[in-house]
2 protein chains.
Amino acid sequence: MNNKNNKTNTIELDEKTRQFTSQCREAGLKVTPQRIAIYRELLKTDEHPSAEMLYEKVKKIFPSISLDTVNRTLLTLNEIGAAFTVVGSGDARRFDGGLHEHQHFRCVKCKRIIDFHHKPFDNIKLPAEISEKFTVLRKTVYLEGLCNLCG
Amino acid sequence: MNNKNNKTNTIELDEKTRQFTSQCREAGLKVTPQRIAIYRELLKTDEHPSAEMLYEKVKKIFPSISLDTVNRTLLTLNEIGAAFTVVGSGDARRFDGGLHEHQHFRCVKCKRIIDFHHKPFDNIKLPAEISEKFTVLRKTVYLEGLCNLCG
DNA sequence: TACTAAATAGTATTTACTCCTATTTGTCAA
DNA sequence: TTGACAAATAGGAGTAAATACTATTTAGTA
Ligand SMILES: [Mn+2]
Ligand SMILES: [Mn+2]
Ligand SMILES: [Zn+2]
Ligand SMILES: [Zn+2]
């Protein structure tokens, strides 16, 4: 079948589901069938799905699940460290007119984007694997966390 | 006055506006007062504004400007390289259940997010300037461009 | 000065969440 | 095993951001 790179196989998946169940209990979260289903669908793919994409998949198991549940669950997974959001997605688009070489730190709380410049980050060397396969238009070191005001 | 780090000063701003004007003509774009105003407002700040934030500022000069014009203009600036969108903004939120160390390449055309792993990117050393000032929760090397299918 | 394609204003629509509330369910303690 | 209760869910409403549409205006040019 469709046996791609980083997909979790069935045995692994069951083991990870058991671990996830413990993780939920430790975090004081209820182990609901919806939560399990969303978690498992996320692990079964390497396509980095959006909430909507997972919603469509989980609907096949729970036809009456709501998109809000999928969204809330994914945020919960992120909070307990069972999954994470891919950098570069979510939030409103922000613009920059500063064309000098520099990098950005984003505060996850107040959403400020703060410039900094660290020369070693200017010219990152890519592995041949990447530069041969893709047309890389942009390479960035991106930092995220709490700023001096929110820290 | 409020003379922050990377803000463009008035003399610089006028010079850059002249350059921008040429850049527009070279690209076959009309030099409209709205376009100039949006460009100048973007250069005057280091807060990495959203379209909405710039809209509020430009409205003081052109009270009847539409948000759509601001949005379109910013995308145009991005296309001709007069400005750019900050990484980590725009598009729907995407999730990842793969907790192993790895990095992402995003195709700007088909929006696919592709995993890769380059060990040197795993533990980026931050300058003291940053780690002292901020609580860094996440540091990533992020790549953007055209994938093998869209290239 | 007059023509034309490009750009804009204003509005409508779409997308991606986020919030709200009544109902259901997992957990725990009796 | 059952009952109480806080947590979670379904379904719908609300909101924010971006995009699409169309009539009107305007910059570039000839
Ligand atoms: Mn910047
Ligand atoms: Mn990944
Ligand atoms: Zn902050
Ligand atoms: Zn692609």
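Criteria and thresholds
- Residues numbered from 1 in each chain as written.
- Chains lettered and ligands numbered in written order.
- Predicted model: local features only at pLDDT ≥ 70, side-chain atom pairs only at ≥ 80, totals over all residues.
- Heavy atoms only, no water.
- Axes fitted to C-alpha atoms, helices over the stretch in contact; angles between N-to-C directions.
- Helix = DSSP H or I, 4+ residues; strand = E, 2+ residues; numbered from the N terminus.
- Parallel < 35°, antiparallel > 145°, perpendicular 65-115°, else oblique.
- Left-handed = near helix turned anticlockwise from the far one by under 90°.
- Contact = heavy atoms within 4.5 Å.
- Nonpolar A, V, L, I, M, F, W, Y, C, P; charged D, E, K, R; others polar.
- Near = heavy atom within 4 Å.
- Polar contact = N/O pair within 3.5 Å; in protein donor to acceptor, adjacent residues only side chain to side chain.
- Donors = N, O, S within 2.8 Å, 3.2 Å for Na, K, Ca; no water.
- Tetrahedral: all angles 85-135°; square planar, octahedral: opposite > 155°, others 65-115°.
- Buried < 20%, exposed > 50% of the residue type's maximum accessible area, 1.4 Å probe, protein only.
- Least-squares fit on C-alpha atoms with pLDDT ≥ 70 in both.
- Expected span 1.5 Å × (residues − 1).
- Arc of directions from axis to C-beta.
- Core = buried A, V, L, I, M, F, W, Y, C linked by side-chain atoms within 4.5 Å.
- Buried area = accessible area lost by both parts, 1.4 Å probe.
- Salt bridge = Lys/Arg side-chain N within 4 Å of Asp/Glu carboxyl O.
- Pairing = 2+ DSSP bridges.

> Would you explain the packing of helix α3 (residues 51-58) of chain A against helix α4 (residues 67-80) of chain A in this entry?
Residues and elements named next belong to chain A. Viewed as axis vectors pointing N to C, α3 and α4 meet at an angle of 120°, and their least axial separation amounts to 9 Å. Of the possible angle classes, the one that applies to α3 and α4 is oblique. Considering only the axes of α3 and α4, their crossing is right-handed. Residues Ala51, Glu52, Leu54 and Tyr55 of α3 pack against Leu67, Val70, Asn71 and Leu74 of α4. Class assignment for the residues of the contact of α3 with α4 results in six nonpolar, one polar and one charged.

> What exactly am I supposed to notice about the protein's contact with DNA strand D here?
Around DNA strand D sit 20 residues, and of these A:Thr32, A:Ser64, A:Thr69, A:Arg93 and B:Arg25 come closest. Within 4 Å of the protein, the contacting atoms of DNA strand D are drawn from sugar and phosphate to the extent of 71%. A:Arg35 is positioned with one of its side-chain polar atoms (N or O) 3.0 Å from a phosphate oxygen of DNA strand D. Here A:Thr69 contributes a side-chain N or O atom positioned 2.8 Å from a phosphate oxygen of DNA strand D. Taken together, the elements giving at least two residues each to the surface near DNA strand D come down to α2 (33-43) and α4 of chain A together with α4 (67-80) of chain B. Residues belonging to the surface near DNA strand D are distributed by class as follows: six nonpolar, six polar and eight charged.

> Hey, could you run me through the side chain of B:Thr21 in this one?
With respect to the helices and strands, B:Thr21 occurs in helix α1 (residues 10-26). Apart from residues lying up to four places away in sequence, B:Thr21 is in contact with B:Val31 and B:Ile36.

> How do you make sense of the coordination of the zinc ion (ligand 3) when you look at a structure like this?
Put simply, a metal with four donors set out as a tetrahedron has ideal angles of 109.5 degrees, and one with six donors set out as an octahedron has ideal angles of 90 or 180 degrees. Residues and elements named next belong to chain A. The coordination sphere of the zinc ion (ligand 3) contains the protein donors Cys107 (SG), Cys110 (SG), Cys147 (SG) and Cys150 (SG), at a distance range of 2.3 to 2.4 Å. One way to put it: the four donor atoms around the zinc ion (ligand 3) meet at angles of 106 to 113°, and that makes the site tetrahedral. Between consecutive donors of the zinc ion (ligand 3), the numbers of intervening residues give the motif C-x2-C-x36-C-x2-C. Here Cys110, found in the loop between β3 (103-107) and β4 (113-116), pairs with Cys150, found in the segment after β5 (135-146); they are 40 residues apart in sequence, far enough to count as distant. Note on Cys110: relative accessible area 33%, which makes it partly exposed.

> Would you take a moment to explain the relation of the copies chain B and chain A for this structure?
Between the two chain copies there is a screw-like relation: a rotation about an axis and a shift along it. Under the fitted operation, chain B is carried onto chain A by 0.0 Å of movement along the axis and a turn of 180°, and the coordinates agree to an RMSD of 0.1 Å. Both copies are brought into coincidence by an operation consistent with a two-fold rotation axis. A shared binding surface is used by both copies, with 100% of the interface residues of chain B retained as interface residues in chain A.

> Hey, could you run me through α4(A) in this one?
Over its 14 residues, α4(A) extends 20 Å from the first C-alpha to the last, a length consistent with the 20 Å expected when each residue adds 1.5 Å. Where α4(A) is concerned, the buried positions are A:Thr69, A:Val70, A:Thr73, A:Leu74, A:Thr76 and A:Leu77. Axial view of α4(A): buried residues confined to an arc of 160°, hence all on one face. Next to the buried residues of α4(A) lie α1 (10-26), α2 and α3 of chain A together with β2 (95-96) of chain B.

> Would you mind showing me how to read the nonpolar core here?
One broad rule of soluble globular proteins: the nonpolar side chains tend to lie buried together. The biggest cluster of nonpolar side chains holds 26 residues, and the ones touching the most others in it are A:Phe105, A:Val141, A:Leu143, A:Cys147, B:Phe105, B:Val141 and B:Leu143. Within the residue set of this core, elements represented by two or more residues are β3, β4 and β5 of chain A together with β3 (103-107), β4 (113-116) and β5 (135-146) of chain B. For this core, the element with the most residues is β5(A), which contributes three residues. Residues within four places of B:Val141 in sequence aside, it is in contact with A:Ile124, A:Thr140, A:Val141, B:Gln103, B:His104, B:Phe121 and B:Ile124.

> For this particular structure, what's the right way to read the interface of chain B and chain A?
Often, the extent of an interface is quoted as the loss of accessible area upon association of its parts. At the interface, 67 residues of chain B touch 67 residues of chain A. Taking both sides of the interface into account, the surface hidden between chain B and chain A amounts to around 6200 Å²; carbon and sulfur atoms contribute 61%. When residues of chain B are sorted by the area they lose upon contact with chain A, B:His48, B:Phe95 and B:Arg138 head the list and together hold 15% of the total. When the shortest N-O distance is used, the salt bridge between A:Glu144 and B:Arg138 registers 3.1 Å. Joining chain B to chain A, the criterion identifies 28 residue pairs in polar contact (both at pLDDT 80 or more). The leading source of residues in the side of chain B that touches chain A is β5(B), at twelve residues. Where strand β2 (residues 95-96) of chain A and strand β1 (residues 84-85) of chain B come together, two bridges link them in antiparallel fashion. Within β1(B), the residue paired with A:Asp96 across the bridge is B:Phe84.

> For this particular structure, what's the right way to read the protein's contact with DNA strand C?
Inspection of the region around DNA strand C gives 19 residues, with A:Asp68, B:Thr32, B:Ser64, B:Thr69 and B:Arg93 positioned closest. Counting only the atoms of DNA strand C within 4 Å of the protein, the fraction contributed by sugar and phosphate is 72%. At 2.8 Å, a side-chain N or O of B:Thr69 approaches a phosphate oxygen of DNA strand C. Elements with a minimum of two residues in the surface near DNA strand C: α4 of chain A together with α2 (33-43) and α4 of chain B. The leading source of residues in the surface near DNA strand C is α4(B), at three residues. Split by residue class, the surface near DNA strand C holds five nonpolar, six polar and eight charged.

Any functional reading would require information that these geometric values do not contain.
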